[in-house]
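Notes for the structure review
Read off the chains here:
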Amino acid sequence: MTKLLASGGEFVAPGVKDFFLPPIFGSVTKPMVLLVLSIVIIAVFFIVATRNLKVVPGKFQFAAESLYDFGRNNIAREQIGGKDFKPFIPLILTIFCFVLVNNLFGLIPIVQFPTMSHIGFPLAVSLFVVYPVYHFVGFKRHGFVGYLKHQTVPPGAPWFVLPLLIPIEFFQKFILNPLTLAIRVFAAMFAGHLLLLVFTLAGEFLLLNGGITVIVAPVSFAFAIALTFLEALIMCLQAYIFALLSASYIGMALAEEH
């Protein structure tokens, strides 16, 4: 951290390079460890919460039931529809919890690194989980040709605009959607964590630099604290949006109309 604070007595702002952490051992990095840890945390939480179910739930059971109800009714049911949503509840709930825990790592002392601020992780979830699922169910429901038409030809579109409209719709549905799904959460986590780094390290630099700058240091720390609360809200919101859009894509693939 010291090298981030001063170089020749001047503050050096953190940047992209500070998100590429050195390996802990071999080629294993901190974000990789956190990714595995998040899976363990989610699995242990639901196992503990559901191992002794009661009519009057305890704290863990209530939390698990609330999460399940939120994923089931507020995301999967609303976006996919009452007819088709049930098989996708585990997937949507898992995606929400996975993104949420990895985002919240950025607020935990010592850990303090949101895993989703590395573009590779949300991109992997989008390209290798969400993307194959919603196109697979679409092809299964409508057939190969029927699904391509379903996704690229809006009903009621004039025939003379189809040569322009079909490539645009194809690009959006088969290329752009999975990319924007990943980029949205990545950009929010990257920018938020970078801002926290700037204000925290700037406050420390001003405090340790001595002189009149010590007076300004609390202002920087105050901004860092305020941003921490804002970032916590954004972390939860981005997990919700990621799961919501995932369910929305599945719903659109299964819908009878475009």
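The shown structure was predicted, so the numbers you read here are calculated from the model rather than taken from an experiment.

The positions that UniProt labels "transmembrane region" (unreviewed entry) are, in the present scheme, residues 32-50, 88-113, 119-137, 157-175, 181-199, 206-226 and 232-255. Regarding residues 88-113, the helix share stands at 62% and the strand share at 0%, and the terminal C-alpha atoms are separated by 30 Å.

Turning to the packing of helix 6 (residues 144-152) against helix 7 (residues 162-209), a few remarks are in order. When two helices pack together, their arrangement is captured by the angle between the axes and the distance separating the axes. Axis separation between helix 6 and helix 7 bottoms out at 8 Å; the angle between their running directions is 100°. Classified by the angle between their axes, helix 6 and helix 7 sit roughly perpendicular to one another. Contacts between helix 6 and helix 7 pair Tyr 147, Leu 148, Gln 151 and Thr 152 from the former with Leu 165, Ile 166, Glu 169, Phe 170, Lys 173 and Phe 174 from the latter. Taken together, the residues of the contact of helix 6 with helix 7 break down into six nonpolar, two polar and two charged.

The next point concerns the packing of aromatic side chains. According to the stated counting rule, one finds 15 aromatic pairs in the structure shown. Residues Tyr 147 and Phe 174 carry aromatic rings whose centres are separated by 6.2 Å and whose planes lie at 80° to one another, so their mutual orientation is edge-to-face. Here Phe 174 lies in helix 7 and Tyr 147 lies in helix 6, a separation of 27 residues in the sequence. Here Tyr 147 matches Phe 174 in class, with each residue buried. By the ring-pair criterion, three or more aromatic residues cluster together here, those being Phe 139, Phe 144, Tyr 147, Phe 170 and Phe 174.

Each value, and the rule that gives it
Residues numbered from 1 in each chain as written. Predicted model: local features only at pLDDT ≥ 70, side-chain atom pairs only at ≥ 80, totals over all residues. Heavy atoms only, no water. UniProt positions renumbered as here; feature names shortened; annotations may be inferred. Helix = DSSP H or I, 4+ residues; strand = E, 2+ residues; numbered from the N terminus. Axes fitted to C-alpha atoms, helices over the stretch in contact; angles between N-to-C directions. Parallel < 35°, antiparallel > 145°, perpendicular 65-115°, else oblique. Contact = heavy atoms within 4.5 Å. Nonpolar A, V, L, I, M, F, W, Y, C, P; charged D, E, K, R; others polar. Phe/Tyr/Trp six-rings, centres within 6.5 Å; stacked < 30°, edge-to-face > 60°. Buried < 20%, exposed > 50% of the residue type's maximum accessible area, 1.4 Å probe, protein only.

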